Amino acid sequence: LSGPSPLLGSTPVSTRDSLVVVSLEQAVSELTRKFGSDTSAWKYGSATYHHALITHPLSAAVSPAIRARLDAGPAPRGGDGNTVGATGGGDNQTSGASFRIVVDVGAWDNAVGTNTPGQSGDPASRHYRDLFAGWAEDRFFPVAYSSDAVAKVSESTTLLVPAAPASRKR
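All figures in this text were calculated on a predicted structure; none of them were measured in a lab.

Chemist: Mind showing me how you'd approach the sheet that holds strand E4 (residues 112–115) here?
Modeler: Whenever strands of a sheet pair, they do so through backbone hydrogen bonds, lying parallel or antiparallel. Strand order across the open sheet formed by three strands is E3-E4-E5, with antiparallel pairing between neighbours. The two strands at the open ends of the sheet, each matched to only one other strand, are strand E3 (99–102) and strand E5 (141–142). Bridging between E3 and E4 involves four bridges; their strand directions are antiparallel. Among the inter-strand pairings, phenylalanine 99 is bridged to a residue of E4, identified as asparagine 115.

Chemist: Would you mind showing me how to read the layout of surface pockets here?
Modeler: To find the voids left in a structure, one rolls a probe of water-molecule size over its atoms. Approximately 480 Å³ is the volume found for the largest pocket. Lining the largest pocket, in full, are Gln119, Ser120, His127, Phe141, Pro142, Ala144, Val150, Val153, Ser154, Glu155 and Ser156. Every element with two or more residues in the lining of the largest pocket is listed here: E5 and helix H4 (147–153). Across the lining of the largest pocket, the residue classes tally to five nonpolar, five polar and one charged.

Chemist: What is the right way to read helix H1 (residues 12–35) from this model?
Modeler: Note: α-helices contain 3.6 residues per turn, so residues at a spacing of three or four share the same orientation. Between its first and last C-alpha, H1 extends 34 Å over 24 residues, near the 34 Å set by a 1.5 Å rise per residue. Backbone geometry just downstream of H1 places glycine 36 in the positive-phi region, at approximately 95°.

Chemist: What's the story with the nonpolar core in this structure? I'm lost.
Modeler: One broad rule of soluble globular proteins: the nonpolar side chains tend to lie buried together. Membership of the largest hydrophobic core is limited to six residues, which are Ala52, Ala72, Ala75, Phe132, Trp135 and Ala136. At the level of secondary structure, the elements contributing two or more residues to this core comprise strand E2 (72–76) and helix H3 (132–136). The biggest single contributor to this core is H3, with three residues.

Chemist: For this particular structure, what's the right way to read unusual backbone geometry?
Modeler: Trans is the common state for peptide bonds, and a negative phi is the common state for residues other than glycine. In this model, glycine 73 is joined to proline 74 through a cis peptide bond whose omega is 5°. Structurally, proline 74 can be placed in strand E2. Cis geometry is adopted by the peptide bond preceding proline 117, which originates at threonine 116 and carries an omega value of 0°. Within the secondary structure, proline 117 sits in the loop between E4 and H3. One non-glycine residue, histidine 50, adopts positive backbone phi at about 55°. By the secondary structure assignment, histidine 50 is in the loop between H1 and strand E1 (51–54). A positive phi angle is found at aspartate 138, which is not glycine, with a value near 60°.

Chemist: Help me understand the packing of aromatic side chains, please; the structure alone is not making it clear to me.
Modeler: Centre distance and the angle of the planes are the two values used to describe a pair of aromatic rings. A complete count under the given rule lists three aromatic pairs for this structure. Judged by centre distance (5.2 Å) and plane angle (75°), the rings of phenylalanine 35 and tyrosine 49 are edge-to-face. Of this pair, phenylalanine 35 sits in helix H1 while tyrosine 49 sits in the loop between H1 and E1, and the two are 14 residues apart along the sequence. Residue phenylalanine 35 is classed as partly exposed on the basis of its relative accessible area, which comes to 22%. Owing to a relative accessible area of 22%, tyrosine 49 belongs among the partly exposed residues under this scheme. Geometrically, the ring pair formed by phenylalanine 132 and tryptophan 135 is tilted, given 5.8 Å between the ring centres and 35° between the ring planes. Separated by three residues within a single helix, phenylalanine 132 and tryptophan 135 lie in helix H3, roughly one turn from each other. For tryptophan 135, a relative accessible area of 3% translates into the label buried.

Parameters and conventions
Residues numbered from 1 in each chain as written. Predicted model: local features only at pLDDT ≥ 70, side-chain atom pairs only at ≥ 80, totals over all residues. Heavy atoms only, no water. Pairing = 2+ DSSP bridges. Helix = DSSP H or I, 4+ residues; strand = E, 2+ residues; numbered from the N terminus. 1 Å grid on protein atoms, 1.4 Å probe; cavity = no way out; pocket = protein on both sides within 12 Å on 5 of 7 lines; lining within 4 Å. Points joined across faces, edges and corners; volume = space filled by probe spheres on them. Nonpolar A, V, L, I, M, F, W, Y, C, P; charged D, E, K, R; others polar. Expected span 1.5 Å × (residues − 1). Core = buried A, V, L, I, M, F, W, Y, C linked by side-chain atoms within 4.5 Å. Buried < 20%, exposed > 50% of the residue type's maximum accessible area, 1.4 Å probe, protein only. Phe/Tyr/Trp six-rings, centres within 6.5 Å; stacked < 30°, edge-to-face > 60°.

Quick look at the structure:
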């Protein structure tokens, strides 16, 4: 922009200026059509533009109070279908990675990851949506790998033991 290319013709400065003005006018026109004339209401990450909402499969069948416990979000979410953080091609995130991990195979405990909505499938658990905000902001957390590292960060352990086989009557 500071030094317009000769490819813009015999008057590159005025051609550049005209392109910038027309582009700005088109952008403002599109935003006004989409969000109204009150520019203070144009919010990135609003409920109608560039947010992620993870909707539980039962959301449509339950009361609003239960839906609020099942769904995660909305949260502002950048990207689109053509960016590294691919989030779909629409105004709001409809697809994209829910889990990403970066692993140092020479030192597995240096791994970091991101996941959403949380570690638990139980809406009553504090871990049901505890990872959602970090995921929405593209933040990563340490991923423990070795037994010692896992033991240091574990909150609890659940041991699943198969039931003894029922005795057979002959």
